Amino acid sequence: MELTFHRKHKDKVMNSYIPYVLAQAEAIRDAEKTPKFYSYNVKGGSWSCVDLEHLATFETIAMEPELKRMIIQDLDKFVKRREFYKRVGKAWKRGYLLYGPPGTGKSSLVAAMANHLHFNIYDLELTSISSNDELRKALMSTTNRSIVVFEDIDCNKESLSRESTENKNFIVSETKSKFTLSGLLNVVDGLGSSSGDERIIVFTTNHKERLDPALLRPGRMDMHIHMSYCTPKGFETLASNYLGIQDTSKHQLCQEIEGLMESTNITPAEVCEELMRGGGDDADTALEGLVNCLKRKRLETYKLEEEEIRKAKRQKPDNNGSDISEN
């Protein structure tokens with residue numbers, strides 16, 4: 001293919017048209033490529049990768065529609081703000097904290113984010129990191145247009161607290177991670193964070209309250225996303241995905257399930273497990289199993305609450321200050 005043009009249009013072609021064509025070609029390639037999943041090889045000090053086979057998308061994950069829209073809008077806004085970040089002199093990155101009980105879809109949300117943006121995922125297991133230098137090396141070897149994930153960051157509580165880093169005898173065990181809170185903060189938000197562009201950093205945790213507040217401030221974790229137990233709206237998505245039910249309001253068992261979910265905690269993972277029992281062919285059997293599961297969990301909750309009440313009564317002091325014991 002040969003492109004010809006009049007000499008008077010040279011500046012426009014060279015400075016506007018060709019850069020535009022190249023940018024569009026790059027965007028098309030990015031949209032068509034399969035995201036990669038990278039894991040860090042501690043012994044070799046390098047990343048190994050496979051194709052990201054996780055099929056989760058924002059259409060399939062069980063989440064409140066308004067929260068889902070908010071996350072998508074935030075991601076789309078982020079990737080369009082190259083010039084803004086350059087103008088204000090900040091690294092082109094964004095941080096997300098995903099917190100909530102196990103089984104609420106934190107990993108699935110990360111996969112949905114990667115599939116939506118066509119970003120690679122770098123999964124870094126902090127318990128395998130032996131020093132601040134190794135942590136910095138691992139982060140600096142990630143590429144642009146990537147999502148760096150620190151899963152279950154609360155499991156590193158000893159390292160990620162200011163009390164530990166202020167202790168002079170800190171880092172004495174050879175079996176424990178030897179990086180520090182300041183080391184992690186530097187690669188997330190310090191000079192070490194400027195080594196790449198268009199990068200998303202994700203922390204996941206089951207216990208947000210265990211994390212040092214320094215990790216959670218804006219600029220490090222810009223958006224805190226609570227991954228809750230399954231809601232009626234989330235169930236509607238799962239019923240459509242697994243059983244092909246497009247309108248739960250027309251199905252009696254679905255209505256019963258949504259009513260039970262208002263007073264019973266059940267994770268999306270547990271709901272999926274029950275719906276899979278029907279294999280997509282027997283919706284009624286799968287839904288009946290989910291109803292029974294919710295009733296069992298509600299009964300267990302009531303028993304635990306009654307036990308807590310009895311325990312509190314046994315430990316309640318009398319007017320003389322002594323404990324009252326029940327026979």
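Residues numbered from 1 in each chain as written. Predicted model: local features only at pLDDT ≥ 70, side-chain atom pairs only at ≥ 80, totals over all residues. Heavy atoms only, no water.

## A look at the overall build of the protein chain
Helices and strands together make up the secondary structure of the protein chain, namely 12 helices and seven strands. Classification of the 327 residues of the protein chain by burial places 39% in the buried group. For the protein chain, the proportion of contacts with a sequence separation of at least 24, taken over those separated by at least 6, is 69%. A total of about 19,300 Å² of accessible surface is found on the protein chain, and carbon and sulfur atoms cover 49% of it. (Helix = DSSP H or I, 4+ residues; strand = E, 2+ residues; numbered from the N terminus. Buried < 20%, exposed > 50% of the residue type's maximum accessible area, 1.4 Å probe, protein only. Contact = heavy atoms within 4.5 Å. Areas by Shrake-Rupley, 256 points an atom, 1.4 Å probe, with all protein chains shown as cover.)

## Thoughts on the pattern of salt bridges
Under the definition given, this model contains 14 salt bridges. Put simply, K93 and D189 hold a salt bridge, and the shortest N to O gap is 3.6 Å. With K93 in strand β3 (residues 93-99) and D189 in helix α7 (residues 181-189), the pair connects residues that are 96 residues apart, well separated along the chain. You can call K93 buried: its relative accessible area is 11%. (Salt bridge = Lys/Arg side-chain N within 4 Å of Asp/Glu carboxyl O.)

## Some points on the nonpolar core
In this structure, Y96, L109, M113, I147, I200 and V202 are the most contacted members of the largest nonpolar core, which totals 28 residues. Residue assignment for this core shows that the elements contributing at least two residues are α2 (65-79), β3, α4 (106-117), β5 (146-150), β6 (199-205) and β7 (223-226). When residues in this core are grouped by element, the largest group, seven residues, is from α4. Dropping the residues within four chain positions of it, I200 is found in contact with L75, F78, R94, Y96, M113, L117, F119, S146, I147 and V148. In this structure, Y122, A138, L215 and M221 belong to the second largest nonpolar core, which totals 27 residues. (Core = buried A, V, L, I, M, F, W, Y, C linked by side-chain atoms within 4.5 Å.)

## Section: the pairing of β3
The buried fraction of β3 amounts to six of the seven residues, a majority that puts the element mostly inside the structure. In this sheet, β6 lies alongside β3 in parallel orientation, the contact comprising seven bridges. Bridge assignment links L98 to a residue of β6, and that residue is T204. (Pairing = 2+ DSSP bridges.)

## Brief notes about the confidence of the model for the protein chain
Mean pLDDT for the protein chain: 85, with 85% of residues reaching 70 or above. Below a pLDDT of 50 lies the segment residues 163-175, which in the model reaches 13 contacts outside its immediate sequence neighbourhood of four places, other chains included. (pLDDT = per-residue confidence, 0-100.)

## Thoughts on unusual backbone geometry
With phi around 60 degrees, H118 is a residue other than glycine that occupies positive phi space. With respect to the secondary-structure elements, H118 resides in the loop between α4 and β4 (120-123). Located in the positive-phi region is R145, a residue other than glycine, with phi close to 50 degrees. Structurally, R145 is set in the loop between α5 (132-140) and β5.

## Some remarks on the side chain of T248
When you line up the elements, T248 lands in the loop between α9 (232-243) and α10 (252-261). Other than its neighbours up to four places away in sequence, T248 contacts F235, E236, A239, C254, Q255 and E258.

## Examining the packing of α10 against helix α12 (residues 283-315)
Running from N to C, α10 and α12 point in directions that differ by 20 degrees, and their axes come no closer than 10 Å. Classed by the angle they form, the pair α10 and α12 counts as roughly parallel. Crossing hand, α10 versus α12: left-handed. Packed against α10, whose contacting residues are L253, C254, E256, I257, L260 and M261, the element α12 presents D284, L287, E288, L290, V291, L294, K295 and R298 at the interface. Split into classes, the residues belonging to the contact of α10 with α12 amount to nine nonpolar, no polar and five charged. (Axes fitted to C-alpha atoms, helices over the stretch in contact; angles between N-to-C directions. Parallel < 35°, antiparallel > 145°, perpendicular 65-115°, else oblique. Left-handed = near helix turned anticlockwise from the far one by under 90°. Nonpolar A, V, L, I, M, F, W, Y, C, P; charged D, E, K, R; others polar.)

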